[in-house]
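If you want the building blocks of each chain, they are given just below.
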Amino acid sequence: MGLTVFTISLVALIALGMPIVFSMIVASWAYALASGVALTVVAQKMVTGLESFTLLAVPLFMLSAEAMNNTSVTRRLFDFANKLVGRFPGGIGHVNVFTSMIFAGMSGSAVADTCGIGYVCLTEMDKRGFGMPFSTAVTAASSTIGPIIPPSIPMVVYAVVAGASVGKLFLGGAIPGVLMGVTQMIYIYCISLKRGYAAEKRSTWREKLIATRNAVLPLLTPVILLGGIYGGVFTPTEAAAVAVLYALCLGAVYGDLNLRKLGEISVRVLLSAGIIMSIVAAANLFSWVMAAEQVPQRVGAMFLSVTNTRVGLLFMLNIVFLILGAIMDINTILLVFVPMVLPAVTAMGIDLVHFGVIVVLNTMIGLLTPPYGMNLFILSGLTGLTINQILKELWPFIIMLVGLLFLITYVEPIVMWLPNLLVK
């Protein structure tokens, strides 16, 4: 009876246009009333869902990314990447991807990449004759590297849900993230030869050294964070706090982060973090209802009744998460749907770190696929292009990402070699 009331309430509220966060909360209240559970339990479940030290890393990484986006860090990284890889055919396209790979080691957020250094690269590509649709497609695709190369905000959220090691998840994403960047740069090289996109002027060693000197402090960010985590100096959550402190220090050194700008940044981060934490609280309620009704066990049994092999289960889960990524928010997928399939994953002996990287890459592809595709809407708003105009140039990148998804799914060492090597 309780589950029926919950389901009907949830579907009806979403159909009426209520945001999914509030729909889950109200539907959980209805479930509690129908099941004879005190409403104080509902409030307790929401609060306990937020009592996680690991979750503190989310707003902290968001703050560090915002701080760096509002300093000269992005321009310094752009100049550094331009001097290194701009000389190849499709020069600024390669710079776009390469800077995303570097910035990935600082922010852990695809949206921060898109709105910050990605937009800088996009405008530079358009100035050099790449055309706004292709420039936008490259920016959208390269921004998905951010949460794969460590550190990663989605991986932190997944770790909280699945009980997996954040440190291992970060390492697990390193090689897949590099492969994402390399495959995108190969495609840009080939399409540039076909369309005649120009390379940048070859830089002298003196110019390279000057660009490296100007970018050396930002480039130290991933070294400090990852070195501290795996050297046992601080935890991943403490690393997020260090990232904020280092970003503020960079702003002070470069003299382009004043108190007014810091206040504006803090307000934006508080609003964004508030949305995420609201989803966490609502998702914890949802998980409580699902656990009480043994829904994850039923879902796991359903999957295992269809296939009894790891190959088959991973294939089905990839299809499910690709569909969910196209229609739902990343955090909703991680917090609501991952717990529902974990019993089947663990029953089949799939490593939770390996599965976590698979899920996060799935959600990154979802940022590029309609109808939800958040990055598509952000870039459409920034450039004035329609979704269809962007998609015409973006589809090859999506196909490459899906191919890479299935590669890391079935070649487990691509993900697990580094974690197994460095974390005992």
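Anything mentioned here points back to the structure above.
Residues numbered from 1 in each chain as written. Predicted model: local features only at pLDDT ≥ 70, side-chain atom pairs only at ≥ 80, totals over all residues. Heavy atoms only, no water.

**As for the overall build of the protein chain**
A count of helical and extended segments in the protein chain gives 22 helices and zero strands. At 22 Å, the protein chain has a C-alpha radius of gyration in line with the 22 Å of a compact globule built from 424 residues. Across the 424 residues that make up the protein chain, the buried fraction comes to 55%. Relative to all contacts within the protein chain whose residues are 6 or more apart in sequence, the contacts with residues 24 or more apart total 78%. Accessible surface computed for the protein chain: about 17300 Å², of which carbon and sulfur atoms make up 69%. Both charge centroids of the protein chain, one from 22 positive and one from 16 negative side chains, sit 9 Å from each other. (Helix = DSSP H or I, 4+ residues; strand = E, 2+ residues; numbered from the N terminus. Rg over C-alpha atoms; globule rule 2.2 N^0.38 Å. Buried < 20%, exposed > 50% of the residue type's maximum accessible area, 1.4 Å probe, protein only. Contact = heavy atoms within 4.5 Å. Areas by Shrake-Rupley, 256 points an atom, 1.4 Å probe, with all protein chains shown as cover. Lys, Arg positive; Asp, Glu negative; His and termini not counted. Charge placed at Lys NZ, Arg CZ, Asp CG, Glu CD.)

**Quick word on the packing of aromatic side chains**
Within the structure shown, the criterion is met by 11 aromatic pairs. When the ring of Tyr 187 is compared with that of Phe 397, the centres are 5.0 Å apart and the planes differ by 80 degrees; the resulting orientation is edge-to-face. Taken together, the residues span a long stretch of sequence, with Tyr 187 in helix α12 (residues 174-195) and Phe 397 in helix α21 (residues 387-410) at a distance of 210 residues. Judged by its relative accessible area of 1%, Phe 397 falls in the buried class. One aromatic cluster is present, built from ring pairs that chain together Phe 6, Tyr 31, Phe 286 and Trp 288. The ring of Tyr 254 carries the charged tip of Arg 76 above its face, separated from the ring centre by 3.6 Å. (Phe/Tyr/Trp six-rings, centres within 6.5 Å; stacked < 30°, edge-to-face > 60°. Lys NZ or Arg CZ within 6 Å of the ring centre and 35° of its normal.)

**What to know about the nonpolar core**
One broad trend across soluble globular proteins is that nonpolar side chains are buried collectively. Counting 141 residues, the largest nonpolar core has Val 58, Phe 134, Tyr 158, Phe 321, Phe 355, Leu 394 and Phe 397 as its most contacted members. When residues of this core are assigned to their parent elements, the largest contribution, 14 residues, is made by helix α15 (residues 259-292). Excluding anything up to four places from it in sequence, Leu 394 contacts Ala 137, Ala 140, Ala 141, Leu 368 and Leu 376. (Core = buried A, V, L, I, M, F, W, Y, C linked by side-chain atoms within 4.5 Å.)

**A short note on the environment of Pro 296**
When you line up the elements, Pro 296 lands in helix α16 (residues 295-306). With a relative accessible area of 12%, Pro 296 lands in the buried category. Residues Pro 296 and Val 338 lie 42 residues apart in sequence; the distance between their C-alpha atoms is 9.5 Å. Beyond its immediate sequence surroundings of up to four residues, Pro 296 is in contact with Met 290, Ala 291, Pro 339, Met 340 and Pro 343.

**Concerning the pattern of salt bridges**
In this structure the tally under the stated criterion is nine salt bridges. When the shortest N-O distance is used, the salt bridge between Glu 124 and Lys 127 registers 3.8 Å. Of the two residues, Glu 124 and Lys 127 both sit in helix α8 (residues 117-127), three residues apart, roughly one turn of that helix. With a relative accessible area of 65%, Lys 127 lands in the exposed category. Of the charged contacts, one joins Glu 200 and Arg 128 as a salt bridge, the two residues approaching to 2.9 Å between their closest N and O atoms. (Salt bridge = Lys/Arg side-chain N within 4 Å of Asp/Glu carboxyl O.)

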